[in-house]
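One-letter residues, chain by chain:
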Amino acid sequence: KELLSCASGRVLEVAAGTGRNLSFYPSETVSELTIGDYSESMLQVAALKVAQLRAQSHPTEQPPSSVTLAVVDAAKLPFAENMFDTIVD
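Residues numbered from 1 in each chain as written. Predicted model: local features only at pLDDT ≥ 70, side-chain atom pairs only at ≥ 80, totals over all residues. Heavy atoms only, no water.

## As for the packing of aromatic side chains
We apply this condition: Each Phe, Tyr or Trp ring (for Trp, its six-membered ring) is paired with any other whose centre lies within 6.5 Å, and the angle between the two planes then decides the class: stacked below 30 degrees, edge-to-face above 60, tilted in between. In our convention, an over-ring charge means Lys NZ or Arg CZ found within 6 Å of a ring centre and within 35 degrees of that ring's normal.
In the structure shown here, the tally under the stated rule is one aromatic pair. For the cation-ring pair, Arg10 lies above Phe84, with the distance from its terminal atom to the ring centre recorded as 6.0 Å.

## Here's the deal with unusual backbone geometry
This is how it is decided: Secondary structure follows DSSP: runs of H or I at least 4 residues long count as helices, runs of E at least 2 residues long count as strands, and numbering of each begins at the N terminus. Between buried and exposed lies partly exposed: a residue is buried under 20% and exposed over 50% of the maximum accessible area for its type, with that area taken using a 1.4 Å probe on protein chains only.
Residue Ala15 is not a glycine yet carries a positive backbone phi of 55°. Within the secondary structure, Ala15 is located in the loop between β1 (9–13) and β2 (30–37). Residue classification places Ala15 among the partly exposed residues on the basis of a relative accessible area of 37%.

## Description of the nonpolar core
A general feature of soluble globular proteins is that nonpolar side chains tend to end up buried together. Short version of the rule: What is meant by a nonpolar core is a set of buried Ala, Val, Leu, Ile, Met, Phe, Trp, Tyr and Cys residues, joined one to another through side-chain atoms within 4.5 Å. Residues are treated as being in contact if the distance between any of their heavy atoms lies within 4.5 Å.
Counting 13 residues, the largest nonpolar core has Val11, Leu22, Tyr25, Val30, Leu33 and Ile35 as the members making the most contacts within it. Of all elements in the fold, only β2 and α1 (40–55) reach the threshold of two or more residues within this core. With residues near it in sequence (within four places) discarded, Val30 still touches Ala7, Ser8, Gly9, Val11, Tyr25 and Pro64.

## Examining the side chain of Thr34
Relative to the helices and strands, Thr34 is located in strand β2. For Thr34, a relative accessible area of 10% puts it in the buried group. The residues contacting Thr34, other than those within four sequence positions of it, are Val11, Leu12, Glu13, Thr68, Ala70, Phe79 and Phe84.

Next up, the structure:
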């Protein structure tokens, strides 16, 4: 939680699983969040968490306004170099 509070700009979380960290990203400083995992079923759970967090009224637990879920292999990330400001593993 403490480390994620320093995230800012465009953020990539690699091997994000079910999105257990979603509520810890500061929506004030994270403009875009990309959540990547090898398992599509794990990302489906993460998508539900995004929807649940958005439905909450508690503003400090809101995910960033832009959240993208991506099925990716952590060993072969398909993103351009310098695309992200913060990378979380």
